[in-house]
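What follows is each chain in one-letter form.
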Amino acid sequence: MTNIPVEGIGIPGEKPKFQPPPGWKRYFSFSTDHKVIGIQYLVTSFTFFLIGGFLAMIIRAELITPESDLIDRTLYNSMFTMHGTIMIFLWIFPSLVGLSNYLVPLMIGARDMAFPRLNAAAFWLIPVVGILLMASFFLPDGTAQAGWWVYPPVSLQNPGGHLISGQAVWILAVAISGISSIMGAVNFVATIVKMRAPGMTFFRMPVFVWTVLSAQLIQLTALPALTAGAVMLLFDLTVGTSFFNSAKGGNPVLFQHFFWFYSHPAVYVMALPAFGIFSEVIPVYARKPLFGYKVVAVSSLLIAGVSLLVWVHHMFTSGTPGWMRMIFMLSSMCVGVPTGIKIFAWTATLWKGKIRLQTPMLFALGAVLMFLFAGITGIMLASVPIDIHVNNTYFVVGHFHYVVYGTVTMGLFAGIYHWFPKMTGRMYYEGLGVLHFWLAFIGTNLNFLPMHPLGLQGMLRRVSSYDPEYAFWNVLASLGAFLLGISTLPFILNLLGAWVQGEKAPDNPWRAIGLEWLVSSPPPIENFAEIPIVVSEPYGYGKDEPLVENAAAVRGE
Ligand code: HEM
Ligand SMILES: [Cu+2]
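Residues numbered from 1 in each chain as written. Chains lettered and ligands numbered in written order. Predicted model: local features only at pLDDT ≥ 70, side-chain atom pairs only at ≥ 80, totals over all residues. Heavy atoms only, no water.

Engineer: Sorry, what's going on with the packing of helix α12 (residues 394-424) against helix α13 (residues 430-448) here?
Structural biologist: Helix packing geometry: the angle between the two helix axes and the distance between the axes. Packing of α12 against α13 leaves a shortest axis separation of 10 Å and a crossing angle of 175 degrees. Between α12 and α13, the interaxial angle falls into the category roughly antiparallel. Only G433, H436, F437, A440, F441, T444, N445 and F448 of α13 make contact with α12, whose side of the interface consists of G398, H401, Y402, Y405, G406, M410, F413 and Y417. In terms of residue class, the contact of α12 with α13 is made up of nine nonpolar, seven polar and no charged. (Axes fitted to C-alpha atoms, helices over the stretch in contact; angles between N-to-C directions. Helix = DSSP H or I, 4+ residues; strand = E, 2+ residues; numbered from the N terminus. Parallel < 35°, antiparallel > 145°, perpendicular 65-115°, else oblique. Contact = heavy atoms within 4.5 Å. Nonpolar A, V, L, I, M, F, W, Y, C, P; charged D, E, K, R; others polar.)

Structure follows, in C-alpha cells:
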C-alpha cells in the first residue's frame, strides 16, 4: 500500500521529477508538491477572505443607519451576493482544501497526494474563479444580484439583455469551482483509501483524516446536483430554455431542490474538517487521549450520511406539503445525534486534563462554544413552526454566521496557528495570537448575536433600509463587524512577521503525537526519508507507547 510510484512523486531515494524552484518562488510555480499547493490554497483563499470581509464592512456600514444612504440598492444587492459567494466558494472551501492538502499525506504517511498534477490543476482553477467573479464588477450591468443561492425567477431577470451578464458569469465561475472541487475530491478519497502507510489502519487514522474523507465523499455524491442545476439555469438564462422559468411553464421550485440537495450537505463539507481540527487540537493542549476516538471518527461518516437527507428544511415555506415538512423536520433533528456525540467527546477530553490555553486551543474552545450555540439555533430552525416565523429574517443570517465564522473560520484559525510552526519552520508570536483570539471572539458575538433578536422581531435579510425600531441591535452588529475587521490585523501582522523573522520552530513544539510531528519543520520534499510503519492508535497522550516502529529512519537519521 506504500511507495506506489506515481508520476511526479518518484520512488524513494530517487530524485523527484519536479524540482520546485527555491524559496518563495515555488509558491508561484505549477508545483506538484502537496505542501506547496496547500500553502498556495491557504494564501489565495485568505486574500479572498479579506476581499469578502471588505464587502461585509460596506454592508454593515450601510446597515448602521435605518436609511439606505451609503450605496444604492442595486449595488447593495451586488454587495451581499458577492460577499456570500466569495466567502463560500473562495474562502471557506479552498482554505479547508488547502489545510487538508498540506496535512493529509503527512498524517497518513504518504509522500504526496495520489494524483499530484491533478492536485495542482485543481488549485489553479481557483484564481480563475476569483478573476471571473471580480471582473463581473466591470460589466455594464454589474455583478450577479440574486444572492448566493441564485433562486429563479430573480436570477433569470436580465434587464440589460446582455448575453454576458453578471449572473451568467457567476454561474460559470461557480461551475468551474465545482469542477475544481470534484478534482480535489477524487484525489483526497484515492489518497486516503490507497496511500496509507503500513500499519495505518482506518482506526489508526487521526480524526482530521476521517473528517476530510467524509467531507470529500459528500462532494462526490452531492456536487453533481448543483452542477446540473447550474447548467440548466445557464441555459434558461442565455438560450431561452425553460427548466425553471415559470413564465414559460418551467418549475422554479425544482431549482431549489437541485440547489439545496448540494448546498445543505455543503455546510458539512465546511464544518466536518473544522470538527477534525478541534479533534486534533484539544487532545494536544489538554494532554489527554481523545475521548471515544472510534465513535468520534465514525460519527463523521454518519453526519455526512444524514446531511444528504435533510435538504428540504430550506424549503419549508416553498409550498412544501405538510407531510413532507414533518419528515424533513425529523431527519434534520437527527443530525443533532452524531454532532452531539462529538461535542460530548471534546468536553470529556477536557475533563481533568492539564489544559494549556495557547492560541490554537483558545480558538478551538471558542469555536466549539459558538458551535454549541449554532447547534441550538439550528435545531430551532429545523422545527417547522419556528422556521415559518423566522424564514428569510436576520435570525437565519445570525445562525449561519455562527457556523461559518464562529465555528469554521475560527476553527481554521486554530488549525493555522497549530500547524504554522510545521508549515513554515517558525514560531508565531503568542501575544498577537491571543489578541487576535479575543478581538475575534468578542467581535463575532457582538456582530452575530444581535441578529437573532432582530430576526425574531421580523427584520428581513437582503434589505438595505429598515424600520428605525431595529436601529439598536443593528448598531451593535455593525460595531461587532468593524471589530472583526480589525481582528484580522494582528493575524496578518503575526504570520507575516513570524514567517520572515520568527523564532526557529522545533520539529514538535507542542509535544504532539502524529506522523507530521516526526519530521522536520518544514517537512522535506516527499515528507519521509523512509515510509513510517505505524504501530499504535493516535492520541496516545500519557500512554508512553511509540507511534511508529522506525522513527529514526523516517527522519532520515
Ligand atoms: C466580518 C465578518 C462578516 C460579516 C460582518 C458578515 C455580514 C453579513 C451580512 C450583514 C449579511 C447579510 C446581508 C444581507 O442580507 O443584506 C451576510 C450574508 C452572508 N454571509 Fe456574511 N459576514 C461575515 C463573514 C462571513 C463568512 C466568513 C462567511 C463564510 C461563508 C459568510 C457568508 C455569508 C453568506 C453565504 C451570506 C448570504 C448572502 C446572501 O444572502 O446571498 N459571511 N453577511
Ligand atoms: Cu440545511
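Having seen the structure, we can now continue with the description.
Engineer: How should the coordination of the copper ion (ligand 2) be read in this particular structure?
Structural biologist: Ideal geometry at a metal centre: 109.5 degrees between donors when four sit tetrahedrally, and 90 or 180 degrees when six sit octahedrally. Coordination sphere of the copper ion (ligand 2), protein contribution only: H264 (ND1), H313 (NE2) and H314 (NE2), at 1.7 to 2.0 Å. Sequence positions of the donors to the copper ion (ligand 2) reduce to the motif H-x48-H-H. Taken as a pair, H264 in helix α6 (residues 252-286) and H314 in the loop between α7 (293-307) and α8 (322-334) lie far apart in primary sequence, 50 residues in all. (Donors = N, O, S within 2.8 Å, 3.2 Å for Na, K, Ca; no water.)

Engineer: Could you clarify how one ought to interpret the layout of surface pockets in this entry?
Structural biologist: Roughly 530 Å³ of internal volume is contained in the second largest pocket. Lining the second largest pocket are 22 residues, and of these W24, R26, Y27, I39 and W499 sit closest to its centre. Among the elements of the structure, α1 (34-62), α3 (116-135) and α12 are those that each provide at least two residues to the lining of the second largest pocket. For the lining of the second largest pocket, the element with the highest residue contribution is α1, accounting for six residues. (1 Å grid on protein atoms, 1.4 Å probe; cavity = no way out; pocket = protein on both sides within 12 Å on 5 of 7 lines; lining within 4 Å. Points joined across faces, edges and corners; volume = space filled by probe spheres on them.)

Engineer: How should I be thinking about empty space enclosed by the protein in this particular structure?
Structural biologist: Where empty space is left becomes clear once a probe the size of a water molecule has been rolled over the atoms. Inspection of every chain in the model, using the stated rule, returns six cavities of 30 Å³ or more. Volume-wise, the largest cavity comes out at about 180 Å³. What lines the largest cavity is a set of 20 residues, among which P206, I513, G514, L515 and P538 lie closest to the centre. Broken down by class, the residue content of the lining of the largest cavity amounts to 13 nonpolar, three polar and four charged. Considering only enclosed or pocket space, the second largest cavity measures out at about 120 Å³ in volume. Around the second largest cavity, the lining is made up of 14 residues, and of these F93, V97, I126, S180 and S181 lie nearest the centre. Among the elements of the structure, α2 (73-108), α3, α4 (166-194) and α5 (207-238) are those that each provide at least two residues to the lining of the second largest cavity. Considering each element in turn, the lining of the second largest cavity owes the most residues, five residues, to α4.

Engineer: It is not clear to me how the nonpolar core should be interpreted in this structure. Could you clarify?
Structural biologist: One broad rule of soluble globular proteins: the nonpolar side chains tend to lie buried together. Core analysis: the largest hydrophobic core is formed by 171 residues, its most contacted members being F278 and M410. The dominant element in this core, judged by the number of residues it contributes, is α2, at 21 residues. The contacts of M410, once residues within four sequence positions are left out, are F363, A367, M370, Y405, F437, A440, F441 and T444. (Core = buried A, V, L, I, M, F, W, Y, C linked by side-chain atoms within 4.5 Å. Buried < 20%, exposed > 50% of the residue type's maximum accessible area, 1.4 Å probe, protein only.)

Engineer: I would appreciate a short explanation of the site of ligand 1 in the present structure.
Structural biologist: Taken together, 27 residues surround ligand 1, and among them Y76, H83, W148, H401 and R462 come closest. With respect to ligand 1, the side chain of H401 contributes an N or O atom lying 2.8 Å from a nitrogen atom. Within the side chain of R461, one N or O atom sits 3.1 Å away from an oxygen atom of ligand 1. Those elements that place two or more of their residues in the shell around ligand 1 are α1, α2, α12, α13 and α15 (471-501). In the shell around ligand 1, the residues fall into 18 nonpolar, six polar and three charged. (Near = heavy atom within 4 Å. Polar contact = N/O pair within 3.5 Å; in protein donor to acceptor, adjacent residues only side chain to side chain.)

Engineer: Before we go on, may I ask you to explain unusual backbone geometry in this structure?
Structural biologist: With glycine set apart, most residues show a phi of negative sign, and most peptide bonds adopt trans. Here the bond from P152 into P153 is cis, since omega is 5 degrees, no more than 30 degrees from zero. Inspection of the secondary structure puts P153 in the loop between α3 and α4. Residues S521 and P522 are joined by a peptide bond in cis, for which omega reads -10 degrees. By the secondary structure assignment, P522 is in the loop between α15 and α16 (551-555). Backbone geometry at N392 places phi at a positive 65 degrees, although glycine is not the residue there. Positionally, N392 belongs in the loop between α11 (384-390) and α12. Residue class for N392 comes out partly exposed when judged on its relative accessible area of 30%. You will see that R462, though not glycine, has its phi angle at about 60 degrees, which is positive.

Engineer: Sorry, what's going on with α6 here?
Structural biologist: Residues spaced three or four apart along an α-helix face the same direction, because each turn holds 3.6 residues. An ideal rise of 1.5 Å per residue puts 51 Å on 35 residues; α6 measures up with 51 Å between its terminal C-alpha atoms. At W260, α6 is deflected by roughly 30 degrees, the largest bend along its length. Extensive coverage of α6 is indicated by the burial of 29 of its 35 residues. Where α6 starts, the residue carrying a side-chain oxygen 3.0 Å from the main-chain nitrogen of V253 turns out to be N251. (Expected span 1.5 Å × (residues − 1). Bend = angle between axes of the 7 residues up to and from the residue.)

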